[in-house]
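Geometric and topological summary
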Amino acid sequence: MAQVEVQFYGISAALVGALVMSKVVIILDKTPLGKIYLRQALYKNVLFKSIIYTLVLTFVLFIENLIHNLLEGKVFLEAIRYILQHRDPNQFWLILIASFFSLLSYNVIIAIKDSMEKGALIKLFFDKKKHPNN
């Protein structure tokens, strides 16, 4: 790619995306929205939180792009128009779906951890297992 002067920034973009997602999760987990508990089956709580977290993440990424365009000298409406016109819809949906499933996985693990006694999940993964024949 360097021979044809194409810059590859996939790894850095993925790293920045992961950092942004982790900030959103940390902040939402500390707010009442992150602590919301519906009197429903656990899967409904996990699904609800995952949808909310994904929507907030999408909003934060949009604001991040908006600020980037404003710093480049575009006026507010021009920056919004630029974002909407230059966003690849397939890439947008792919990022949205991947983010949702990442957040869903996170919320499933947290729900399992919260339903177990304190420290049980960590013991499950990190304690040395005894072989049944010993």
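None of these values were measured; they are calculated from a predicted model. (Residues numbered from 1 in each chain as written. Predicted model: local features only at pLDDT ≥ 70, side-chain atom pairs only at ≥ 80, totals over all residues. Heavy atoms only, no water.)

**Let's talk about the packing of helix α1 (residues 10–30) against helix α4 (residues 89–115)**
Direction vectors running N to C along α1 and α4 enclose 45 degrees, while the axes themselves pass 12 Å from each other. As far as their axial angle goes, α4 and α1 are oblique. Crossing geometry of α1 relative to α4 is assigned as right-handed. Of the residues in α4, those touching α1 at M21, V25 and D29 are S99, S102, L103 and Y106. Taken together, the residues of the contact of α1 with α4 break down into four nonpolar, two polar and one charged. (Axes fitted to C-alpha atoms, helices over the stretch in contact; angles between N-to-C directions. Helix = DSSP H or I, 4+ residues; strand = E, 2+ residues; numbered from the N terminus. Parallel < 35°, antiparallel > 145°, perpendicular 65-115°, else oblique. Left-handed = near helix turned anticlockwise from the far one by under 90°. Contact = heavy atoms within 4.5 Å. Nonpolar A, V, L, I, M, F, W, Y, C, P; charged D, E, K, R; others polar.)

**A few points about the nonpolar core**
Taken as a class, soluble globular proteins show a tendency for nonpolar side chains to be buried jointly. By size, the foremost hydrophobic cluster in this structure holds eight residues: V20, M21, V24, V25, L28, Y53, L57 and L103. Residue assignment for this core shows that the elements contributing at least two residues are α1 and α2 (42–71). With five residues, α1 is the single largest residue contributor to this core. Those residues in contact with L103, other than ones at most four positions away along the chain, are M21, V25, S50, Y53, T54 and L57. (Core = buried A, V, L, I, M, F, W, Y, C linked by side-chain atoms within 4.5 Å. Buried < 20%, exposed > 50% of the residue type's maximum accessible area, 1.4 Å probe, protein only.)

**Overview of the side chain of N107**
Tracing the backbone shows N107 in helix α4. Sequence-distant contacts of N107, that is, excluding residues within four places in its chain, are made with V46, K49, S50 and Y53.

**Looking at the pattern of salt bridges**
Under the defined criterion, the tally for this structure stands at two salt bridges. With its nearest N and O atoms 3.2 Å apart, the salt bridge here joins K74 to E72. Between D114 and K113 there is a salt bridge; the shortest N-O distance is 3.4 Å. Given the relative accessible area of 54%, D114 is considered exposed. (Salt bridge = Lys/Arg side-chain N within 4 Å of Asp/Glu carboxyl O.)

**Notes on the environment of L121**
Its location among the elements puts L121 in helix α5 (residues 120–126). As a C-alpha pair, L121 and I110 span 11 residues in sequence and 9.8 Å in three-dimensional space.

**Describing the packing of aromatic side chains**
Applying the stated criterion across every chain yields a total of two aromatic pairs. Geometrically, the ring pair formed by F100 and F101 is edge-to-face, given 5.4 Å between the ring centres and 70 degrees between the ring planes. Given a relative accessible area of 17%, F100 falls into the buried group. Taking relative accessible area as the criterion, F101 reaches 48% and is therefore assigned partly exposed. Above the ring of Y82, the side-chain terminus of K74 is found at 4.2 Å from the ring centroid. (Phe/Tyr/Trp six-rings, centres within 6.5 Å; stacked < 30°, edge-to-face > 60°. Lys NZ or Arg CZ within 6 Å of the ring centre and 35° of its normal.)

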